[in-house]
Amino acid sequence: MNRQRLIGQRLVALAIVGVLLFNYPILALFDQDRTVLGIPMLYLYLFLAWAALIWLMAFLIERG
Amino acid sequence: MSLGLIILIGLAYIGALFAVAYYGDQQAARGRNPIDSAFIYSLSLAVYCTAWTFYGSVGRAARTGVDFLPIYLGPTLMAALWWFVLRKIIRISKTYRITSIADFIASRYGKSTLLGGLVTLVAVLGITPYIALQLKAVSFSFFLLWHFPTLETPQLNAIPLGHDTGFYVALIMAAFAILFGARNLDATEQHEGLVLAIAFESTVKLGAFLAMGLFVVFGLFHGPTDLFTQAAQHPELRALFHFNPEPHAYENWFWLILLSMFAIMLLPRQFQMAVVENVSERHVETAVWLFPLYLLLINLFVFPIALAGRLLLAPQVSPDMYVLLLPLVEGRELLALLVFVGGLSAATGMIIVETVALSIMLSNDLIFPALLRSGVLHAEQDFPAFMLRLRRAAILGLILLGYLFFRVTGEAVSLVSIGLISFAAVAQFAPALLGGLYWKRGTRRGALLGLAVGFLLWAYTLPLPLLTDAGWFWPHLTQNGPWGLHWLRPHALFGMEGYAPVTHALFWSLSINTLLYIFGSLWDTQSVLEHRQAALFVDIFHHVARGEPPQFWRRDASPLDLQTLLERFVGHERAQAFLESYAHTRGVTDWNRLEPDADMIEAVERLLAGVVGVASARVAVASIVTEEPLDIAEIIHMLDETSQVVAYSRQLEQKSRELEAATAELREANRRLQELDRLKDEFISTITHELRTPLTAIRALTEILYDNPDLSAEQRRHFLEIATKEIERLSRLINQVLDYAKLESGTLEWDLKPLDLRQVVLDALEATRHLFEEQGIQIQSELMNQPPQLVADYDRLMQVVLNLLSNAAKFARSQVVIRMQAREDALCLAIQDDGPGIDPAYHDAIFERFSQIPSSSSQRPSGTGLGLPISRAIITHLGGRIWVESAAGEGATFIFCLPLSSSSPQEGSNQ
């Protein structure tokens, strides 16, 4: 049961990270007139951060 | 495209949907649960993605860039909190058979009919336009497909009813929802076939959208780099790469994330799928990451499709139709049909689940309780059949209401804004629901007040201006405010201007709602029932371990009434089965002998709650039950029992603490005993050594005398003298040991008389004079001429002074000072030497029995190690105190003080 609580609390911590990553001002840092491999920076950042968050949640729950 | 083909494909798809749902129900009927899978659970949650996602997201992305994303980022963040929040909601709902969000909120706040009704009303008013939106999307996509290449947007609400696909889709969906969502009355409201069909729909819409995305990115362009590079060459498209440049865009973004976090929990269809249809809490664990992954995938190609649309399609085309138009323009009819089916699945999934969820709320929390109260229902009526008819009528009514809304508003209202307005409506449940999960103090009136005012603010700031702007009534409301009150303009309340309407509305409605909920609750009192329900909800996980809190009211009913009530609502068979199993849990074999008490009535009420809702069940049960709060004496009796248990456990704790303390004492005593034992061993070895030295000398001398009879008289005398001295030393040693033993055991005789300490000191000095003279040590005595008299034993005190003087003689280098001093109530004697001194670490140890200072002073200490302990024992016995003041290398001063005659020596000294 303790382990379950720990996973839950780690997920809450991840959510807090997510709130920071997906909002001003961190979001504004990536609002640049640059492209990576032709892909706009902001678009790439949002999806990479999103994917990373999902991967971390999956890792925490399934293996952590 | 030919009308026949489109209809054929559409019907084939819907046919497949019916087949899947039918298969699911068949499996369930055979006892194999087809939806007992975390994967299907996650897919069923994707009912979140509606036609708005499918068509509207691309439209939004084509206009403002990444602005379509917060609606999907919010649920991702919320999913991380599901581990605690959603699982708690599921546990509560399963335990108390809660079947809708209205039930949940009503139940939490004392099974309030009023609150349940209000929640239902808000949900129906907020969601109906959303249903209309889905019908509109279906209708729109159908006409586009049919009339292509005519790009003119058809005037949808001008089409005659008989020719409007939206109408037929509405009817088919109503049939589906009734068939699989309201076929029979089930106490758990779980619909396996329906869930399986929704999971199937989620797969179809994701597949269609991904296929479309891949076609655009790799079919129409050479991969994403090519697409973005081409778009970047147009300044107006390159601007979409950036964050929305409008003022307050980041604030709007934040509020959209927050809004969608609430929506994913509070939308009736999400509550239905995530909570009511949930098979196992374990499925939530997987859904926490699998559902966000679904959202990510379905959004991955939104922006590329939007850019492709802007690059390839004519500027007057509505961006909401890019998904469908792109394959049509490129001549990919099959893909276009797939997209149409995907959009259809997104729309139908939403319509089906939403209407089923809303119909449960409508029948259980609004209509049925009202009918029960008004007494319209007759006792002989077949309730299950009546409930089902009610449920089915609600489904049909809701869908038709949605269709009506779509027909009436038509083009006046845009796609996306309606979706957000619905989100904002259900977000009003957040304070009452989420607050009620963790805050016991939240009260019914607080929740009612917050929800009611929040709802009014929502209505005033979001849907109302939409309608007035369409020119239906009250023109110029948004520009001038009501009655010319400028500061009351619905989009700029109190002059808060410049924000998106949704941000503005959310800020006011949610914050006022929350504040009223909190303040209303804090300045309110809870009824007994409210208090109990709050405890049941908030502490749900504790009840598993500790059992539920006791009933604080008495409820009585006749067994026959109870049985009749049960049979009316759930039928004869299930009523019997329930009563038998309940009797079993109470340890009674025959349920007829059960005496209905508060616990049994609560169990019955819970069973009914699953069928007709919490509020209805309470009303129904109340009709046959007499209930009154327990009177004060009974409550005090219960409290007494509880407090006795508490007191008993406190006593136990106290005992265990005492036991711990005793154990610690014992351990300490044992340690001291071992230490003493060790010291005694050392003492014995010291003593035997001390005894052996004189004995060896005496033996050697006597042997010489014995073996040599011709020794001269001179030598003989010399040897005998030495032997005598050794024998004296031996007896002195033995006397000391005996003295000490007597002192310790308290058997020493004391001869207490008034005496003069000065005389004692002078006598002792006289006795030891030769010692000092031998060593060449000067004695300086500062004695008082007329010291106050003491009551003491002369011999014992003499022993102490002698001991201290001989110690001083042993260690002093050149001088010993003896000082006598009278204090307030004591007479003190200090003997100071100028020897090597004693390290402060040993100041206590030297008075300990059997201990000597370790050979830090390099020479082996002479003596028995008993002199100082004996001195201390004597002085302590006489009521005084002895100590040493010294530092290493600075000489030592031994001081003892004895009380003056007024304070007599210890009691019972002459035993």
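Only a predicted model underlies this, so the values are computations on that prediction, with no experimental measurement involved.

Draft legend 1. Inspection of the overall build of chain B at higher detail. In terms of regular secondary structure, chain B is built from 35 helices and nine strands. Relative to the globule expectation of 29 Å for 911 residues, the C-alpha radius of gyration of chain B, 49 Å, shows a markedly less compact shape. Within the span of chain B, comprising 911 residues, buried residues form 53% of the whole. For chain B, the exposed surface amounts to about 40,000 Å²; the carbon and sulfur share of it is 59%. Of the charged side chains in chain B, 67 are positive and 87 negative, and the gap between their average positions amounts to 3 Å.

Draft legend 2. Quick peek at the overall build of chain A. Helices and strands together make up the secondary structure of chain A, namely three helices and two strands. Reading the helices (α) and strands (β) of chain A from amino to carboxyl end gives α-α-β-β-α. In terms of overall dimensions, chain A is more spread out than a globule: its C-alpha atoms have a radius of gyration of 15 Å, far above the 11 Å expected for 64 residues. Once the C-alpha set of chain A is aligned to its principal axes, its extents read approximately 50 × 25 × 10 Å. The long-range share in chain A, meaning contacts at least 24 apart out of those at least 6 apart in sequence, stands at 55%. Carbon and sulfur atoms form 68% of the exposed surface of chain A, whose accessible area is close to 3,600 Å².

Draft legend 3. Fine view of the domain arrangement of chain B. Taken domain by domain, chain B holds domain 1 (3–428), domain 2 (434–542), domain 3 (550–630), domain 4 (648–741) and domain 5 (749–899). For domain 1 of chain B and domain 4 of chain B, the distance between their C-alpha centres works out to 97 Å.

Draft legend 4. Local environment of the state of the cysteines. Residue and element names in this part refer to chain B. Throughout the structure, instances matching the rule amount to one disulfide over all chains. Paired through a disulfide, cysteine 828 and cysteine 897 show a sulfur-sulfur distance of 1.9 Å. Here the disulfide of cysteine 828 and cysteine 897 is right-handed, its torsion about the S-S bond being about 105°. With a gap of 69 residues between them, cysteine 828 in strand β7 (residues 826–833) and cysteine 897 in strand β9 (residues 892–899) connect regions that are remote in the sequence. Taken as a pair, cysteine 828 and cysteine 897 share a single burial class, namely buried.

Draft legend 5. Broad picture of the packing of aromatic side chains. Residue and element names in this part refer to chain B. Counted according to the given criterion, the structure contains 48 aromatic pairs over all chains. For the ring pair phenylalanine 18 and phenylalanine 176, a centre distance of 4.8 Å and an interplane angle of 85° mean the geometry is edge-to-face. Separated by 158 residues along the polypeptide, phenylalanine 18 in helix α1 (residues 3–29) and phenylalanine 176 in helix α8 (residues 165–181) bring together distant segments of the chain. Taking the relative accessible area as the measure of exposure, phenylalanine 176 reaches 0% and is therefore buried. Their ring planes at 70° and their centres at 6.3 Å tell us that phenylalanine 847 and phenylalanine 894 sit as a pair that is edge-to-face.

Draft legend 6. Representation of unusual backbone geometry in the model. The omega torsion across tyrosine 24 of chain A and proline 25 of chain A is 5°, close enough to zero to call that bond cis. One can find proline 25 of chain A in the loop between α1 (2–21) and α2 (26–29). One non-glycine residue, lysine 111 of chain B, lies in positive phi territory at about 50°. On the secondary structure map, lysine 111 of chain B appears in the loop between α6 (101–108) and α7 (113–147). Judged by relative accessible area, lysine 111 of chain B falls into the buried class, the value being 11%. At tryptophan 483 of chain B, a position not held by glycine, the phi torsion is positive, near 50°. The class for tryptophan 483 of chain B is exposed, based on a relative accessible area of 71%.

Draft legend 7. Representation of the sheet that holds strand β8 (residues 881–886) of chain B. All names here are of chain B. Pairing is mixed across the open sheet formed by five strands, whose spatial order is β4-β6-β7-β9-β8. Two strands in the sheet have a free side with no partner beyond their single neighbour: β4 (778–782) and β8. Here the strands of the sheet are splayed against their neighbours by 15° on average, with no regard to which way each runs. In this structure, β4 lies alongside strand β6 (residues 815–822), joined through five bridges in parallel fashion. For serine 781, the partnering residue across the bridge sits in β6 and is isoleucine 818. Across the sheet, helix α33 (residues 757–775) is in contact with β4, β6, β7 and β9; its angle to β6 comes to roughly 175°. On top of the sheet, helix α34 (residues 794–811) reaches β6, β7, β8 and β9; it is set at about 170° to β9, its chief contact.

Draft legend 8. Examining the pattern of salt bridges more closely. Residue and element names in this part refer to chain B. On inspection of all chains with the given rule, the structure shows 18 salt bridges over all chains. With its nearest N and O atoms 3.0 Å apart, the salt bridge here joins arginine 532 to glutamate 602. With arginine 532 in helix α25 (residues 528–538) and glutamate 602 in helix α29 (residues 598–612), this pair connects stretches of sequence that are 70 residues apart. For arginine 532, a relative accessible area of 5% translates into the label buried.

Draft legend 9. Quick look at α29 of chain B. Residue and element names in this part refer to chain B. With 15 residues, α29 extends 20 Å from end C-alpha to end C-alpha; this agrees with the ideal 21 Å at 1.5 Å per step. Most of α29 sits out of view: 14 of its 15 residues are buried. One or two residues past the end of α29 sits glycine 613, with phi positive at roughly 95°.

Draft legend 10. Quick look at the packing of helix α9 (residues 192–220) of chain B against helix α17 (residues 333–374) of chain B. Residue and element names in this part refer to chain B. Contact geometry of α9 with α17 gives a least axis separation of 8 Å together with a crossing angle of 145°. Like other packed secondary-structure pairs, α9 and α17 cross with a definite hand, here left-handed. Residues Leu194, Ile198, Glu201, Val204, Lys205, Ala208, Ala211, Met212 and Phe215 of α9 form the contact with α17, whose own contacting residues are Leu335, Leu338, Val339, Val341, Gly342, Ser345, Ala346, Thr348, Gly349, Ile352 and Val353. Tallied by class, the residues present in the contact of α9 with α17 amount to 14 nonpolar, four polar and two charged.

Draft legend 11. Region of interest: the nonpolar core. Ranked by size, the top nonpolar core spans 249 residues in total, and within it Leu11, Leu46 and Trp50 of chain A together with Trp82 and Phe429 of chain B carry the most contacts. Those residues in contact with phenylalanine 429 of chain B that lie beyond four places of it in its chain are Ile101, Ile105, Val119, Val122, Ala123, Leu266 and Leu451 of chain B. In terms of nonpolar packing, the next biggest core, distinct from the first, is built from 48 residues, Phe683, Leu797, Val800 and Val884 of chain B among them.

Draft legend 12. Examining the environment of tyrosine 45 of chain A more closely. Residues and elements named next belong to chain A. Mapped onto the fold, tyrosine 45 is located in helix α3 (residues 41–62). The exposure class assigned to tyrosine 45 is buried, which follows from its relative accessible area of 11%. Separated by 28 residues in the primary sequence, tyrosine 45 and valine 17 have C-alpha atoms spaced 15 Å apart. What tyrosine 45 contacts, discounting residues up to four positions off in sequence, is Leu21, Ile26, Leu27 and Phe30.

Draft legend 13. Expanded view of the pairing of β8 of chain B. As paired elements, β8 of chain B and β9 of chain B share six bridges and run antiparallel to each other. Bridged to tryptophan 883 of chain B within β9 of chain B is isoleucine 895 of chain B.

Draft legend 14. Seen up close, helix α32 (residues 713–745) of chain B. Residue and element names in this part refer to chain B. Helix length check: α32 (33 residues) gives 47 Å between terminal C-alpha atoms against 48 Å at 1.5 Å per residue, within 8%. When we look at burial in α32, the residues that qualify are Phe719, Ala723, Glu726, Leu730, Leu733, Asp739, Tyr740 and Leu743. Phi turns positive one or two residues past the end of α32, at glycine 746, with a value near 80°.

Draft legend 15. Just the environment of aspartate 795 of chain B, in detail. Structurally, aspartate 795 of chain B is set in helix α34. Separated by 35 residues in the primary sequence, aspartate 795 of chain B and valine 760 of chain B have C-alpha atoms spaced 9.0 Å apart.

Draft legend 16. Main features of the pairing of β7 of chain B. Residue and element names in this part refer to chain B. Counting buried residues in β7 gives seven out of eight residues, a clear majority hidden from the surface. By the bridge criterion, seven bridges tie β6 to β7 in an arrangement that is antiparallel. Looking at the pairing, valine 817 lines up with glutamine 832 of β7. Linkage of β6 to β7, two consecutive antiparallel strands, is achieved through a turn of three residues.

Draft legend 17. Focus on a nonpolar patch on the surface. A contiguous nonpolar surface patch, about 1,100 Å² in accessible area, is contributed by Leu401, Leu404, Val408, Trp472, Phe473, Trp474, Trp483, Leu485, Trp487 and Phe494 of chain B. Structurally, phenylalanine 494 of chain B is set in the loop between α23 (477–480) and α24 (501–522).

Draft legend 18. Inspection of the packing of α6 of chain B against helix α20 (residues 430–438) of chain B at higher detail. Residues and elements named next belong to chain B. As a packed pair, α6 and α20 sit with axes 10 Å apart at the nearest point and diverge in direction by 50°. Relative to α20, the element α6 lies oblique. Crossing of α6 against α20: the hand is left-handed. In this structure, α6 uses Ile101, Phe104, Ile105 and Arg108 to contact α20, whose residues at the interface are Ala432, Leu433, Gly436 and Leu437. Looking at the contact of α6 with α20 residue by residue, the classes come out as six nonpolar, one polar and one charged.

Parameters at a glance
- Residues numbered from 1 in each chain as written.
- Chains lettered and ligands numbered in written order.
- Predicted model: local features only at pLDDT ≥ 70, side-chain atom pairs only at ≥ 80, totals over all residues.
- Heavy atoms only, no water.
- Helix = DSSP H or I, 4+ residues; strand = E, 2+ residues; numbered from the N terminus.
- Rg over C-alpha atoms; globule rule 2.2 N^0.38 Å.
- Buried < 20%, exposed > 50% of the residue type's maximum accessible area, 1.4 Å probe, protein only.
- Areas by Shrake-Rupley, 256 points an atom, 1.4 Å probe, with all protein chains shown as cover.
- Lys, Arg positive; Asp, Glu negative; His and termini not counted.
- Charge placed at Lys NZ, Arg CZ, Asp CG, Glu CD.
- Contact = heavy atoms within 4.5 Å.
- Domains from an automatic or database assignment.
- Disulfide = S-S within 2.5 Å.
- Phe/Tyr/Trp six-rings, centres within 6.5 Å; stacked < 30°, edge-to-face > 60°.
- Pairing = 2+ DSSP bridges.
- Axes fitted to C-alpha atoms, helices over the stretch in contact; angles between N-to-C directions.
- Salt bridge = Lys/Arg side-chain N within 4 Å of Asp/Glu carboxyl O.
- Expected span 1.5 Å × (residues − 1).
- Left-handed = near helix turned anticlockwise from the far one by under 90°.
- Nonpolar A, V, L, I, M, F, W, Y, C, P; charged D, E, K, R; others polar.
- Core = buried A, V, L, I, M, F, W, Y, C linked by side-chain atoms within 4.5 Å.
- Patch = residues over 30% accessible without salt bridge, like charges linked within 9 Å, V, L, I, M, F, W, Y side chains within 5 Å.
- Parallel < 35°, antiparallel > 145°, perpendicular 65-115°, else oblique.

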